[in-house]
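So the chains spell out like this:
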Amino acid sequence: MSLPFRTSDGAGSEIKTGRSGARFRSLWFPMRPAFSLRRSSRVWGASVRNAWQGAREAGFGVAGEPREADFRFRILRHEDSVFQPSGKMRPLTEEETRVMFEKIAKYIGENLQLLVDRPDGTYCFRLHNDRVYYVSEKILKLAANISGDKLVSLGTCFGKFTKTHRFRLHITALDYLAPYAKYKVWIKPGAEQSFLYGNHVLKSGLGRITENTSQYQGVVVYSMADIPLGFGVAAKSTQDCRKVDPMAIVVFHQADIGEYVRHEETLT
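The written sequence of each chain sets the order in which its residues are numbered from 1. Only residues with pLDDT of 70 or above have their local features reported here, since the model is predicted, and side-chain atom pairs are shown and tallied only from 80 upward, although totals for entire chains, interfaces and linings are computed over all residues. Excluding hydrogens and water, the side-chain figures rest on all heavy atoms present in the structure.

Chemist: An account of the sheet that holds strand E10 (residues 184-187) is needed here, citing residue identities and associated values.
Modeler: Reading across the sheet, the six strands line up as E11-E15-E14-E13-E10-E12 and stay open at both edges, with mixed pairing between neighbours. Each end of this open sheet is capped by a strand with a single partner; those strands are strand E11 (201-202) and strand E12 (206-209). Pairing between strands is defined by DSSP: at least two bridges between the two strands are required. Think of it this way: any DSSP run of H or I at least four residues long counts as a helix, any run of E at least two long counts as a strand, and we number them from the N terminus. Looking at chain direction, E10 and strand E13 (residues 218-223) are connected through four bridges and run parallel. In the sheet register, lysine 184 faces E13, and the bridge partner there is valine 220. Any two residues whose heavy atoms approach within 4.5 Å at even a single point are treated as in contact. All axes are obtained by fitting lines to C-alpha atoms, using only the stretch in contact for helices, and the reported angles, taken between N-to-C directions, cover 0 to 180 degrees. Across the sheet, helix H6 (residues 189-196) touches E10, E11, E13, strand E14 (228-234) and strand E15 (249-256), and the angle it forms with E14 is around 80 degrees.

Listed below in structure tokens is the structure:
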């Protein structure tokens, strides 16, 4: 009775022959020399480095190319460690910057430059989870070390981009925009509670309005004690407010400080 035996076919595998004389290939390979294993490990390590480099360039752009301009419209590069993105956090694109600035300019006009050039340090805007944050470079350096899925917020949230790529101001930006507001509306004490519940301002609740306010102009709503209460859009011009019906809407509601209570869980 013949026993199975092994013969090599010279191609790196072997051929087994059984009792029936059938020939079939096995998955046996001859042992390679030690230097071949070391060489393959070096090749494997190089491929990992190349893959990592490709992933890095895909995430940050090709090295040496300029990044898109931020709020100062200056060119940023990867080599600037301050502006390295962390996960989903990134600078705004030129289009996003334009849309956001047009929205803010409706409330503070050319005073927008005062948000950029501040005597207490350099501030910038960053996008994270569709929300725009106004943050100092000192805090940005610390946030750059946090992964995107761990980071909740940084700095002050100015607003968010909607699904239609429009920018909506959040009430958290009120403290930064109110001192520079060009057009203001003061409402009577009896109308404050209605506005803080998210309702529009009626002519009967209007106390004062800035002269030469045009229709659909962005305004900051104040109490008669000069306490900023929120944002709004003028439904009527200053001239029209003098002759409209007392129940007519003069300011469309946009945001109010009552959101700190109504939307406490989602407001960032």
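Chemist: I'd like a rundown of a nonpolar patch on the surface, residues and numbers included.
Modeler: Together, Ile257, Tyr260 and Val261 make up a nonpolar patch on the protein surface, roughly 280 Å² of accessible area in all. Within the secondary structure layout, tyrosine 260 lies in helix H8 (residues 259-262). To count toward a patch, a residue needs a relative accessible area above 30% and no salt bridge. Like charges then connect within 9 Å, nonpolar side chains (Val, Leu, Ile, Met, Phe, Trp, Tyr) within 5 Å. All accessible-area figures derive from a Shrake-Rupley calculation using a 1.4 Å probe, and residue coverage is judged against the displayed protein chains alone. Salt bridge, as used here: a side-chain nitrogen of Lys or Arg that lies within 4 Å of a carboxyl oxygen of Asp or Glu.

Chemist: An account of the environment of tyrosine 260 is requested, with residue identities and associated values reported.
Modeler: We call a residue buried when its accessible area falls under 20% of the maximum for its residue type, exposed when it is over 50%, and partly exposed in between, using a 1.4 Å probe and counting protein chains only. Judged by its relative accessible area of 40%, tyrosine 260 is partly exposed. Leaving out residues up to four positions away in the same chain, tyrosine 260 has contacts with Ile171, Thr172 and Leu267.

Chemist: Explain the packing of aromatic side chains to me, and be specific about the residues and the numbers.
Modeler: Two aromatic rings are characterised by how far apart their centres lie and by the angle between their planes. To pair, rings of Phe, Tyr and Trp, with the six-membered ring standing in for Trp, must have centres within 6.5 Å; the planes then decide the type, stacked if under 30 degrees apart, edge-to-face if over 60, and tilted in the middle. This structure, assessed with the given rule, holds 10 aromatic pairs. The rings of Phe101, Tyr123, Phe125, Tyr134, Phe158 and Tyr176 are connected pair by pair, giving a single aromatic cluster. Criterion for a charge above a ring: Arg CZ or Lys NZ at most 6 Å from the ring centre, at most 35 degrees from the ring normal. Between the NZ or CZ atom of arginine 118 and the centre of the ring of tyrosine 123, over which it lies, the distance is 3.9 Å. Lying across the ring of tryptophan 186, arginine 208 places its NZ or CZ 4.2 Å from the centre.

Chemist: How would you explain the pattern of salt bridges if you had to name every residue and give the values?
Modeler: If you walk through the whole model with that rule in mind, you get seven salt bridges. Where arginine 98 meets glutamate 102, a salt bridge forms, and the shortest distance between an N and an O atom there is 2.9 Å. You can see arginine 98 and its partner glutamate 102 sitting in helix H2 (residues 94-108), four residues apart, about one turn around the helix. Assessed through its relative accessible area of 39%, arginine 98 is described here as partly exposed. One salt-bridge network, held together by shared partners, links Glu95, Arg98 and Glu102.

Chemist: Outline the pairing of E13, supporting the account with residue identities and numerical values.
Modeler: Of all the six residues making up E13, six are buried; the element is thus mostly covered by neighbouring parts of the structure. The antiparallel hairpin formed by E13 and E14 contains four residues in its connecting segment, where aspartate 226 sits at a positive phi of about 60 degrees.

Chemist: With reference to specific residues and values, describe the confidence of the model for the protein.
Modeler: Every residue gets a pLDDT, meaning the predictor's confidence in that residue, from 0 to 100. When the pLDDT values of the protein are averaged, the result is 74; 67% of them are 70 or greater. Here residues 1-49 is modelled with pLDDT under 50, and outside its nearest four sequence neighbours on either side it reaches 33 contacts, counting other chains as well. In this model, residues 51-87 is a region of pLDDT below 50 whose contacts with residues beyond four sequence positions or in other chains number 65 contacts.

Chemist: Just give me the short version of the nonpolar core, but keep the residues and values in it.
Modeler: One broad trend across soluble globular proteins is that nonpolar side chains are buried collectively. Put simply, buried Ala, Val, Leu, Ile, Met, Phe, Trp, Tyr and Cys residues joined by side-chain atoms within 4.5 Å make one nonpolar core. The biggest cluster of nonpolar side chains holds 31 residues, and the ones touching the most others in it are Met100, Ile104, Phe158 and Leu177. Within the residue set of this core, elements represented by two or more residues are H2, strand E6 (121-128), strand E7 (131-136), strand E8 (156-161), strand E9 (167-169), helix H5 (174-177), E13 and E14. Among the elements that line this core, the one with the most residues is H2, at six residues. These domain limits were set by an automatic method or by a database of domain assignments. Counting contributing residues per domain, this core is built from domain 1 (89-175) and domain 2 (183-266), each supplying no fewer than three. With residues near it in sequence (within four places) discarded, phenylalanine 158 still touches Ile104, Leu115, Phe125, Val132, Tyr134, Phe167, Arg168, Leu169, His170, Ala173, Tyr176 and Leu177. Ile187, Val201, Val250 and Val251 belong to the second largest nonpolar core, which has 15 residues in total.

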